[in-house]
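Commentary on secondary and tertiary structure
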Amino acid sequence: MVTELISLFTSTGAGGLIGMVGSWLTKREERKNLQLKYQHEVAMANIRKEEMQAEAAHELAMADKAMERAQVEGDIAIGEAELTAFNTSLKQQGVSTGVKFVDALRGAMRPLITIYLLIIASYITYKINTLVGGFDSLEQGDLLNTYKDIIQQVLFLTATAVTWWFGSRPSTQRK
């Protein structure tokens, strides 16, 4: 019986069966290896995708920073250009024409215009006061509001005039 068993296992049919089982096991291992290989490739592709996304986000952030910097530099350049133009204008105002009458007239224009406007404003105020009948024609509440408005406007005009006149005087640095 041992001989028959050995001959059965060593027969052509058993060899075919063992070959088929071996082939099936080999194919199963190949499929598992392919599955592992594909899983690895998918994981690597995901990593590359994440790297590319991070790199793109970084480049976008750097481009935004470059745009912000360019905007700031442009604003600074515009401010410098405006300052240069203002300084040039101030220098041109201080340049003498060489004709004494023209220089004197140019220097007197601001005070003359200011005096003229003060005279006109005073005359109009006087005429309106006369036509309305003076402050006696106004009610107490209207007088109080008018008084407040006049005080605010006089203070505004005073601050404007003093700041303007002293602010536009040539400094020792500009001379």
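Just so it is clear, the model here is predicted, and its values are computed rather than measured.

This part takes up the overall build of the chain. Each helix and strand in the chain was counted, giving four helices and zero strands. Within the chain, the proportion of its 175 residues that are buried is 2%. Carbon and sulfur atoms make up 67% of the accessible area of the chain, which totals about 15800 Å².

Applying the stated criterion to the full structure yields two salt bridges. Close ionic contact of Lys-27 with Glu-30 constitutes a salt bridge, the shortest N to O distance being 3.9 Å. Residue Lys-27 and its partner Glu-30 are both found in helix H2 (residues 12–94); the two are separated by three residues, about one turn of the helix. Owing to a relative accessible area of 44%, Lys-27 belongs among the partly exposed residues under this scheme. For the salt bridge of Glu-73 with Arg-69, the shortest nitrogen-to-oxygen distance reads 2.9 Å. Taken together, the positions of Glu-73 and Arg-69, both in helix H2 and four residues apart, correspond to about one turn of that helix.

What counts and what doesn't
Numbering of residues begins from 1 in every chain and follows the order in which that chain's sequence is written. In keeping with the model being predicted, local features are shown solely for residues with a pLDDT of at least 70 and side-chain atom pairs are shown and tallied solely at 80 or more, while totals for entire chains, interfaces and linings include all residues. Heavy atoms from the whole structure form the basis of all side-chain values; hydrogens and water molecules are not counted. Only DSSP runs of H or I covering at least 4 residues are called helices, and only runs of E covering at least 2 are called strands; the numbering of each starts at the N terminus. Each residue's exposure class comes from its accessible area (1.4 Å probe, protein chains only) as a fraction of the maximum for that residue type: buried when under 20%, exposed when over 50%, partly exposed otherwise. Note on areas: these come from Shrake-Rupley sampling with a 1.4 Å probe, and a residue is covered only by the protein chains present in the view. Think of a salt bridge as a Lys or Arg side-chain nitrogen and an Asp or Glu carboxyl oxygen that are within 4 Å of each other.

Note that all results are geometric; they support no functional claim without further evidence.
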